[in-house]
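# Breakdown of the fold
Residues per chain, in single letters:
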Amino acid sequence: EKQKLDQLNQKLVSAGVSGHCILVAMTSSQTTELPDDIQHRPLKHLLQYFIQKQAAGISTLEANDLQGVLHTFPPCEFAQSKLLKAAPSLNSEPSKEDYLVMILVKE
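Residues numbered from 1 in each chain as written. Predicted model: local features only at pLDDT ≥ 70, side-chain atom pairs only at ≥ 80, totals over all residues. Heavy atoms only, no water.

Turning our attention to the overall build of the chain. A tally of regular secondary structure across the chain gives three helices and four strands. Its helices and strands taken in sequence order, the chain reads α-β-α-β-β-α-β from the N to the C terminus. Considering only residue pairs separated by 6 or more positions, the chain has 69% of its internal contacts joining residues 24 or more positions apart. Surface summary for the chain: the accessible area is close to 8400 Å², and the carbon and sulfur share equals 51%. (Helix = DSSP H or I, 4+ residues; strand = E, 2+ residues; numbered from the N terminus. Contact = heavy atoms within 4.5 Å. Areas by Shrake-Rupley, 256 points an atom, 1.4 Å probe, with all protein chains shown as cover.)

Structural data, given as structure tokens:
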């Protein structure tokens, strides 16, 4: 939704470069054994869910005295533009690999 993306853009400007970060989650070809109490759910499932619903994820995070909001996007024009702004040497064509772009904004 354009209005929500505009609001996020305003938050990024207000937070400044020290108040936000951009992360990329990608699948790994390595398979590791996980402890029995941890579920293994490939990134692909979450990515497909976001694409099907034409949605992004928003999570409120809190640790000690810090608070923030994590915005999670599947590959899209908005996410690609944020990646290219943060890392202009990236290829301007979106990756063909599965990935998510996460923007963490300090509150």
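A word on the layout of surface pockets. Counted as a void, the largest pocket has a volume near 490 Å³. What lines the largest pocket is a set of 18 residues, among which Glu1, Leu5, Ala55, Ala56 and Phe73 lie closest to the centre. For the lining of the largest pocket, the elements supplying multiple residues, two or more each, are α1 (2-15), α2 (43-53) and β3 (66-73). Top element by residues in the lining of the largest pocket is α1. It accounts for five residues. Split by residue class, the lining of the largest pocket holds 12 nonpolar, three polar and three charged. (1 Å grid on protein atoms, 1.4 Å probe; cavity = no way out; pocket = protein on both sides within 12 Å on 5 of 7 lines; lining within 4 Å. Points joined across faces, edges and corners; volume = space filled by probe spheres on them. Nonpolar A, V, L, I, M, F, W, Y, C, P; charged D, E, K, R; others polar.)

The next thing to look at is the nonpolar core. Among the nonpolar cores identified, the biggest contains 10 residues, and these are Leu8, Leu12, Phe73, Phe78, Ala79, Leu83, Tyr99, Val101, Ile103 and Val105. Setting aside residues up to four positions removed in sequence, Leu12 forms contacts with His20, Lys82, Ile103 and Val105. (Core = buried A, V, L, I, M, F, W, Y, C linked by side-chain atoms within 4.5 Å. Buried < 20%, exposed > 50% of the residue type's maximum accessible area, 1.4 Å probe, protein only.)

Here the focus is the environment of His71. Using a relative accessible area of 8% as the deciding quantity, one classes His71 as buried. In the structure, His71 is positioned 16 residues away from Ala55 in sequence and 11 Å away in space, judged by C-alpha atoms. Sequence-distant contacts of His71, that is, excluding residues within four places in its chain, are made with Leu8, Gly57, Ile58, Val101, Met102, Ile103 and Val105.

A few words now on the packing of aromatic side chains. Applying the stated rule across the entire model yields two aromatic pairs. Relative to Phe78, the ring of Phe73 has its centre 5.1 Å away and its plane inclined at 50°; by these criteria the two rings are tilted. With respect to burial, Phe73 and Phe78 carry one shared label: buried. (Phe/Tyr/Trp six-rings, centres within 6.5 Å; stacked < 30°, edge-to-face > 60°.)

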